[in-house]
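Residues per chain, in single letters:
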Amino acid sequence: MSVFNSQLLEGVDVMAAVVDTKSFGAAAEMLDMSQSGVSRAVARLEKRLGIRVFERTTRSVRLTDEGREFYEQVMPLIAELSEATSNAAGNARTVRGRLRINVDPLFARLVLGPRLGPFIDSHPELDIELHSREDLGDLIADGFDVALRFGHPVSSSLVARKILDTRVFAVASPAYIERFGMPQDPNELATDQHRCIFFREPITGRPFPWDFHRGRKKISVKPHGSLTVNDSGTVYSMCLAGLGIAQLLELGADTYIASNQLIPLFPDWPDQRFPLYAYYPSRHHAPAKTRALLDFVTGLVGEKG
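Residues numbered from 1 in each chain as written. Predicted model: local features only at pLDDT ≥ 70, side-chain atom pairs only at ≥ 80, totals over all residues. Heavy atoms only, no water.

Undergrad: What exactly am I supposed to notice about helix 3 (residues 35-49) here?
TA: Compared with an ideal rise of 1.5 Å per residue, which puts 15 residues at 21 Å, helix 3 spans 21 Å between its outermost C-alpha atoms and is within 8% of the ideal. Taken together, the buried positions of helix 3 are occupied by Gly37, Val38, Ala41, Val42, Leu45 and Glu46. Structurally, helix 3 contributes buried residues whose contacts are with helix 1 (12-21), helix 2 (24-31) and strand 1 (54-56). Following helix 3 by one or two positions, Gly50 has its phi on the positive side, about 75°. (Helix = DSSP H or I, 4+ residues; strand = E, 2+ residues; numbered from the N terminus. Expected span 1.5 Å × (residues − 1). Buried < 20%, exposed > 50% of the residue type's maximum accessible area, 1.4 Å probe, protein only. Contact = heavy atoms within 4.5 Å.)

Rendered as structure tokens:
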């Protein structure tokens, strides 16, 4: 049987701290080391691995392609080792440490944030950082454990796990309907009789298309309107204020619909849907903290749908 050499892991904790903080100075402060000590630890790790782990400039630090591959492979294994050690010591509360979540702002504001209390109560040894941002970004270089994003996944080395499909509604406020009338068909939105609010898609920079589905039938409409917004919360507030018709996700609009603050249009076109995906770095066994969050989120959206 081969003997484990603890020197194999030397410097990995320093590398992880640099990834999390995005700088050698901040990593030194986190680890209570000098900045030169951090640099030396990374240099020794790079020499041992025979690769350059970080690209360093005066303004930024980011993983190289080789460094990213090593990070993706080794960090889940270290998390599993930590979890196994905790289990062997008889500690049942293995969900602990720091969990950094990259989350869609709409999902954070309307679903996850207000309902996170039970998850916090269940895992008192877990420190949670919730970062709301419009784009996925570089999950590894930015030091995130998991991301929750609306939209179809793009090709990458990340694991993409679908959490749900939520329906997409065209909705309007009672004030808008009183002023402009109730459209009876999606194609009416293309006329100057109505005003629509467009949401600019973060990745492409273009407004989301307005599609309507009924069974196998699909139509695409080019609505009339002069408002384009890149913040989902602003789309909601404008629609609630009666400024126009908007396409909203049922998962975020359901409360407003139930209270009659927003009225769903075109009930005979009910089948347009949009997915929510979870992303995490490794195709190996996900750490306990990541699994716990995904189980919690799946339960949340299950309750809502």
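Undergrad: It is not clear to me how the packing of helix 1 against helix 3 should be interpreted in this structure. Could you clarify?
TA: Axes are the key here: two packed helices are described by the angle between their axes and the distance separating the axes. The N-to-C vectors of helix 1 and helix 3 enclose an angle of 115°; their axes lie 9 Å apart at closest approach. You can see that helix 1 and helix 3 cross each other, and the crossing is left-handed. Between helix 1, through Val12, Val14, Met15 and Val18, and helix 3, the contact on the second element is made entirely by Val38, Ala41, Val42 and Leu45. Residues that form the contact of helix 1 with helix 3 fall into these classes: eight nonpolar, no polar and no charged. (Axes fitted to C-alpha atoms, helices over the stretch in contact; angles between N-to-C directions. Left-handed = near helix turned anticlockwise from the far one by under 90°. Nonpolar A, V, L, I, M, F, W, Y, C, P; charged D, E, K, R; others polar.)

Undergrad: Hey, could you run me through the layout of surface pockets in this one?
TA: To find leftover empty space, a probe the size of one water molecule is rolled over the atoms. Here the largest pocket defines a volume of roughly 1,000 Å³. Around the largest pocket, the lining comprises 37 residues; the ones closest to its centre are Phe150, Gly151, Glu201, Phe208 and Phe274. Split by residue class, the lining of the largest pocket holds 22 nonpolar, seven polar and eight charged. When residues of the lining of the largest pocket are assigned to domains, at least three map to each of domain 2 (95-162 + 273-301) and domain 3 (164-272). (1 Å grid on protein atoms, 1.4 Å probe; cavity = no way out; pocket = protein on both sides within 12 Å on 5 of 7 lines; lining within 4 Å. Points joined across faces, edges and corners; volume = space filled by probe spheres on them. Domains from an automatic or database assignment.)

Undergrad: Help me understand unusual backbone geometry, please; the structure alone is not making it clear to me.
TA: A positive phi angle, close to 70°, is found at Lys22, a residue other than glycine. Its place among the elements puts Lys22 in the loop between helix 1 and helix 2. Even without a glycine there, the phi angle at Asn260 is positive, about 65°. Counting through the fold element by element, Asn260 comes out in the loop between helix 9 (250-258) and strand 12 (263-264).

Undergrad: Hey, could you run me through a negative patch on the surface in this one?
TA: Residues Glu55, Asp65, Glu66 and Glu69 make up a contiguous surface patch of negative charge. Considering every element that reaches the negative patch, the biggest residue donor is helix 4 (residues 65-88), with three residues. Relative to the elements of secondary structure, Asp65 occurs in helix 4. (Patch = residues over 30% accessible without salt bridge, like charges linked within 9 Å, V, L, I, M, F, W, Y side chains within 5 Å. Areas by Shrake-Rupley, 256 points an atom, 1.4 Å probe, with all protein chains shown as cover. Salt bridge = Lys/Arg side-chain N within 4 Å of Asp/Glu carboxyl O. Lys, Arg positive; Asp, Glu negative; His and termini not counted. Charge placed at Lys NZ, Arg CZ, Asp CG, Glu CD.)

Undergrad: Just to check I follow, could you spell out helix 8 (residues 232-240) for this structure?
TA: Ser232, Val235, Tyr236, Met238 and Cys239 are the residues of helix 8 that are buried. Looking straight down helix 8, one finds that the buried residues subtend no more than 170° of arc, so they occupy a single side. In this structure, the buried residues of helix 8 make contact with helix 5 (105-112), strand 6 (159-172), strand 7 (197-199), strand 10 (227-229), strand 11 (246-249) and helix 9. Count one or two residues on from helix 8 and you reach Gly242, which has phi positive near 85°. (Arc of directions from axis to C-beta.)

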